[in-house]
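Remarks on the overall topology
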Amino acid sequence: MTSTNRTYLDYNATAPLRPEVRAAMLAAIDSDIGNASSVHAHGRAARAVIDQAREQVGQLVGSKATQVVFTSGATEAANWALSAAWSTIYGANIEHPAVMLPIKRSAAKHVVLPVDANGVIDVVAAAKLFSENIQTGGNKPADKQLLVVQLANNETGVVQPVGQLAALARELGITVLTDAVQAVGKQFVDFTGLGVDMMMVSAHKLGGPSGVGALVIRDGVDLLALVTGGGQERNRRGGTENVSGIAGFGAAAEAAHRDLAKFADLEMLRDRVEAFVSRATPEAVVIAKDARRLANTSCLAVPGRRGETSVIKFDLAGVSLSAGSACSSGKTARSETLDAMGLNDELATSALRVSLGWATTQDDIATFEQAWSSIMGGVREVRNVA
Ligand code: PLP
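For every chain, the first residue of its written sequence is number 1, and the numbers climb from 1 along that sequence. Whole-chain, interface and lining totals are the exception, using all residues; otherwise, since this is a predicted model, local features are given only for residues with pLDDT of at least 70 and side-chain atom pairs are given and counted only at 80 or more. Where side-chain values are given, they derive from all heavy atoms of the structure, hydrogens and water being excluded.

**Observations concerning the site of the ligand**
Close to the ligand lie 12 residues, the nearest being Thr75, Asp179, Gln182, Ser202 and Lys205. We define a polar contact as two N or O atoms separated by no more than 3.5 Å, with the added condition that, inside protein, one atom must be a possible hydrogen donor and the other a possible acceptor, whereas residues neighbouring each other in sequence contribute only through side-chain atom pairs. For the ligand, an oxygen atom lies 2.9 Å from a polar atom in the backbone of alanine 74. Within the side chain of glutamine 182, a nitrogen or oxygen atom sits 2.7 Å from an oxygen atom of the ligand. Relative to its unbound accessible area of 390 Å², the ligand is 91% covered by the protein chains. Residues were grouped as follows: Ala, Val, Leu, Ile, Met, Phe, Trp, Tyr, Cys and Pro as nonpolar; Asp, Glu, Lys and Arg as charged; and all remaining residues, including Gly, as polar. Of the residues contributing to the shell around the ligand, the split by class is 3 nonpolar, 7 polar and 2 charged. The criterion for a residue being near a molecule or strand is simple. One of its heavy atoms has to lie within 4 Å of it. Only the protein chains shown count as cover for residues, and all accessible areas are computed by the Shrake-Rupley method using a 1.4 Å probe.

In structure tokens form, the structure reads like this:
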């Protein structure tokens, strides 16, 4: 996407609003709808908008519509799922802060799942940790245990073996939450087929509005509402619904579903980025290049070049991309994901993320290449690596 002479390559932070989403949101705002809880015609019109969006999201993630509970985003969905009285939570240190921070705040024991150099969870080690931490020694834990695992990483695009981990966990009676925020709309996702109990989804990563998401919950999972109040969302999430936001989420889900095959084609553009970078800057490292990754994400490290400095230089050249995680506004903290992967300091602090999406064109990549040549082709920065 090139707008106002800028090139946007930061889709994992947020994807630009799709035109059909804008249309659906404007239609919801402009139409004569009431409160979705009201029984009159205005209320029923609002309810119809929400019901349609629930179907659209369910179709994208492979769940029943009734399993989709709308929230204010994936962060709320994560906080909700992690708020239950878990005694043990299994999770790797590569999870997004929306998951990591509620784990840290929780009274539960955190069992850290080890990852390999690509950031992929070691399934054998995880199985061993599950059985070591099951209190009863039988096949049902006496306590409430949760496994949380992301489907795809926001920084590297690396895809986790969620199906395998979920099968092992559920065999032992461990509830499974997956963070599908980065995977949904970028690859085929099947909530039912994955065998998970709960799944977080976010609209703005699909070209929908920010501030809307969902927790998809398998029938029979016992989870008390976190946001209580009115009986909205069948008593699972109180508060008058964000009808236009939900309408936008639905439209984004439908468009992302329709475009799944096109999304896979982005791999060609991503490979072009990586081939160019390797030619232009032989010392550059493509992080987790050989792992199973999303088609749209490249994490590039150039030893001796600080990521934040590079981001500013790209910004001045009219190209928007991210350093490290930077999912939340311009933060420059070290990446816990890259740390967990055992990347050395020099590589970790130089990581740049290029992430493509529904409106990315060959011209965007050409602009990136020009910017890269002028930024990385110069004299190397001198810096102490502590
Ligand atoms: N999980 C992952 C992997 C993410 O990339 C993000 C992005 O911000 C979130 C969770 C949080 O989603 P939201 O912005 O909807 O709160």
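**Quick word on the pattern of salt bridges**
Criterion for a salt bridge: a side-chain nitrogen of Lys or Arg within 4 Å of a carboxyl oxygen of Asp or Glu. Counted according to the given criterion, the structure contains 20 salt bridges. Between lysine 104 and glutamate 336 there is a salt bridge, with the nearest N and O atoms lying 3.6 Å from each other. Within this pair, whereas lysine 104 is found in helix H4 (residues 97-105), its partner glutamate 336 is found in helix H13 (residues 336-340), the two being separated by 232 residues in sequence. The rule is simple: take the accessible area with a 1.4 Å probe, protein chains only, and divide by the maximum for that residue type; under 20% is buried, over 50% is exposed, in between is partly exposed. The exposure class of glutamate 336 is partly exposed, given its relative accessible area of 40%. Between glutamate 274 and lysine 289 there is a salt bridge, and its shortest N-O distance comes to 3.6 Å. In DSSP terms, a helix is any run of H or I states spanning at least four residues, a strand is any run of E spanning at least two, and both are numbered starting from the N terminus.

**Quick word on the packing of helix H11 (residues 266-280) against helix H15 (residues 362-376)**
Note on definitions: angles span 0 to 180 degrees between N-to-C directions of axes, and those axes are lines fitted to C-alpha atoms, for helices only across the stretch in contact. The interhelical angle for the contact between H11 and H15, taken along N-to-C directions, is 15°, at an axis separation of 10 Å. Between H11 and H15, the angle falls in the class roughly parallel. Our pair here, H11 against H15, has a crossing hand that is right-handed. Here Leu269, Arg272, Val273, Phe276, Val277 and Ala280 of H11 come into contact with H15, specifically with Gln362, Ile365, Ala366, Phe368, Glu369, Trp372 and Ser373. Residue composition of the contact of H11 with H15, by class: 9 nonpolar, 2 polar and 2 charged. Any angle that is under 35 degrees is reported as roughly parallel, and any over 145 degrees as roughly antiparallel; angles of 65 to 115 degrees are reported as roughly perpendicular and all others as oblique. With the far helix as reference, a near helix turned anticlockwise by less than a right angle produces a left-handed crossing, and one turned clockwise produces a right-handed crossing. In what follows, a contact means two residues having at least one pair of non-hydrogen atoms within 4.5 Å.

**Let's talk about the sheet that holds strand S14 (residues 351-355)**
Note on pairing: DSSP must find at least two bridges between two strands before they are called paired. An order of S10-S11-S14-S13 is seen for the 4 strands of this open sheet, with the pairing classed as antiparallel. Two strands close off the open sheet at either side, each with one partner strand: strand S10 (285-286) and strand S13 (322-323). Across 5 bridges, strand S11 (residues 297-301) lies against S14 in antiparallel orientation. Bridge pairing in S14 places threonine 297 opposite serine 355. Of the strands in this sheet, S13 and S14 touch helix H12 (residues 307-316), which is tilted by about 45° from S14.

**Describing the sheet that holds strand S9 (residues 213-217)**
Here we have 7 strands laid out as an open sheet, ordered S3-S9-S8-S7-S6-S4-S5, and mixed in their pairing. Looking at the sheet topology across the chains shown, the edges are occupied by strand S3 (68-71) and strand S5 (109-112). If you compare each strand with its neighbour and ignore which way they point, the axes differ by 20° on average. Bridge count between S3 and S9: 4 bridges; the pairing is antiparallel. Pairing of phenylalanine 70 across the sheet is with alanine 214, part of S9.

**Here we look at helix H6 (residues 162-171)**
Regarding H6, the residues found buried are Val162, Leu165, Ala166 and Ala169. Angular distribution of buried residues about the axis of H6 spans 100°; they occupy a single face of the element. Set apart from the buried face of H6 by more than 90 degrees, the exposed residues are Gln164 and Glu171. Where H6 is buried, its residues touch helix H5 (123-133), strand S6 (145-150), strand S7 (175-179) and helix H7 (191-194). Following H6 by one or two positions, glycine 173 adopts a phi angle in the positive range, close to 80°. The arc under discussion is defined with respect to the helix axis, by the directions toward the C-beta atoms.

**A closer look at the domain arrangement of the chain**
When the domains of the chain are assigned, the result is domain 1 (2-16 + 261-376) and domain 2 (21-258). The C-alpha-based centres of domain 1 and domain 2 are spaced at 27 Å. Counting from both sides, the interface comprises 27 residues of domain 1 and, opposite them, 28 residues of domain 2. Put simply, buried area is how much 1.4 Å-probe accessible surface two parts lose in total, over both of them, once they are put together. Across the domain 1/domain 2 interface, buried area totals approximately 2,300 Å², and carbon plus sulfur atoms make up 52% of it. For the pair domain 1 and domain 2, the number of links is 13 residue pairs in polar contact (both at pLDDT 80 or more). For the side of domain 1 that touches domain 2, the secondary-structure elements that each account for two or more residues are S11 and H13. Among the elements that make up the side of domain 1 that touches domain 2, the one with the highest residue count is H13 (4 residues). The domain limits used here are those given by an automatic or database domain assignment.

**A word on the pairing of strand S8 (residues 198-202)**
Of all 5 residues in S8, 5 are buried; the element is thus mostly enclosed. Residues of S8 alternate between two faces, with Met198, Met200 and Ser202 on one and Met199 and Val201 on the opposite face, all of them buried. Relative to S8, S7 is paired through 3 bridges, and the arrangement is parallel. Bridge pairing in S8 places aspartate 179 opposite methionine 200. Pairing of S8 with S9 involves 5 bridges; the strand directions are antiparallel. Looking across to S9, one finds that serine 202 is bridged to glycine 213.

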